[in-house]
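Residue strings, one per chain:
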Amino acid sequence: MFKKFQPSSDVSGQVSVKSSVQRSIRAGILSQWKINPETFEQIWPKKESLTLVKCREHISIYTLHGEPLFFQHFDGPFFPTLRLLHKYPFILPMVRVDRGAIRFLLAGAHMMCPGFTSAGGYLPPADAALAANVPVAIHAEGKEHAAGIGLTKLGTEEMRKVNKGVGVETVTYLGDDLWKIQEL
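Residues numbered from 1 in each chain as written. Predicted model: local features only at pLDDT ≥ 70, side-chain atom pairs only at ≥ 80, totals over all residues. Heavy atoms only, no water.

- With an unreviewed UniProt entry as reference, the protein chain is termed Translation machinery-associated protein 20, source organism Lentinus tigrinus ALCF2SS1-6.
- As stated in UniProt under Function (unreviewed entry), the record for the protein chain gives "Involved in translation."
- Entered under Subcellular location (unreviewed entry) in the UniProt record, the comment concerning the protein chain runs "Cytoplasm". (UniProt positions renumbered as here; feature names shortened; annotations may be inferred.)

## What to know about the packing of aromatic side chains
- Summed over all chains, the structure comprises nine aromatic pairs.
- With centroids separated by 6.0 Å and ring planes inclined at 85°, the aromatic side chains of Trp 33 and Phe 70 adopt a geometry described as edge-to-face. Linking Trp 33 in the loop between α2 (19-32) and α3 (37-43) with Phe 70 in strand β4 (residues 67-73), this pair joins segments that are 37 residues apart in sequence. As far as the burial class goes, Trp 33 and Phe 70 line up, both buried.
- Ring geometry for Tyr 88 and Phe 90: centres 6.2 Å apart, planes at 90°, overall edge-to-face.
- Given the relative accessible area of 42%, Phe 90 is considered partly exposed.
- Each member of the aromatic cluster is reached from another via a ring pair, and the members are Trp 33, Phe 40, Trp 44, Tyr 62, Phe 70 and Phe 78. (Phe/Tyr/Trp six-rings, centres within 6.5 Å; stacked < 30°, edge-to-face > 60°. Helix = DSSP H or I, 4+ residues; strand = E, 2+ residues; numbered from the N terminus. Buried < 20%, exposed > 50% of the residue type's maximum accessible area, 1.4 Å probe, protein only.)

## Topic: the nonpolar core
- Formed by 36 residues in total, the largest nonpolar core has its most connected members in Trp 33, Trp 44, Ile 61 and Phe 70.
- Only α2, α3, β2 (51-55), β3 (59-64), β4, β5 (78-80), α4 (82-87) and β9 (146-152) provide two or more residues apiece to this core.
- A per-element tally of this core places β3 first, with four residues.
- When residues of this core are assigned to domains, at least three map to each of domain 1 (5-85) and domain 2 (92-175).
- In this structure, Leu 105, Ile 138, Met 159 and Val 168 belong to the second largest nonpolar core, which totals 15 residues. (Core = buried A, V, L, I, M, F, W, Y, C linked by side-chain atoms within 4.5 Å. Domains from an automatic or database assignment.)

## Quick look at α2
- Counted at 1.5 Å a residue, the expected span for α2 with its 14 residues is 20 Å, and the 20 Å between its end C-alpha atoms agrees.
- Where α2 is concerned, the buried positions are Gln 22, Ile 25, Arg 26, Gly 28 and Ile 29. One side of α2 holds all its buried residues, which, seen down the axis, span an arc of 165°. In this structure, α2 carries Arg 23 and Ser 31 as exposed residues pointing more than 90 degrees from its buried face.
- Buried residues in α2 make contact with α3, β3, β4 and β5. (Expected span 1.5 Å × (residues − 1). Arc of directions from axis to C-beta. Contact = heavy atoms within 4.5 Å.)

If you want it as structure tokens, here you go:
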């Protein structure tokens, strides 16, 4: 999504978000992410106004004082930026790929099921299974922080059974153009 993102050419405009829209965004994020309201208040105080940065391909990046916090594609789920995820690693469910998939993840490729089901990979257990189309933090074997953020294409139990094809569609990853942007 952010493989060849250049703010000078891909940003079409910036507008302040109305307070009623901010309330709906806040409610949507609190329902999607595993975060309590007090922690979310630290990330985005209620009195602070968000700025919506409209980009190509219907991508909306929400910034606070110029720092990107989260983004959305069309009316899909909200994704935190990797920088925000590194500060608050518990807000998204975690999956882990094995060492062999790290170079592909850092190149922006979608993550295949065998990378999660092999010895170094990790999928949540059956009692905490994830459904399809859920935002997840993609960790790499042996690394402390998330190396990417993705959207599950299959449920985690289905990934274990099928063990073929794309399991998680990569949305953003370390080193992509969104990661390089400090301020918009």
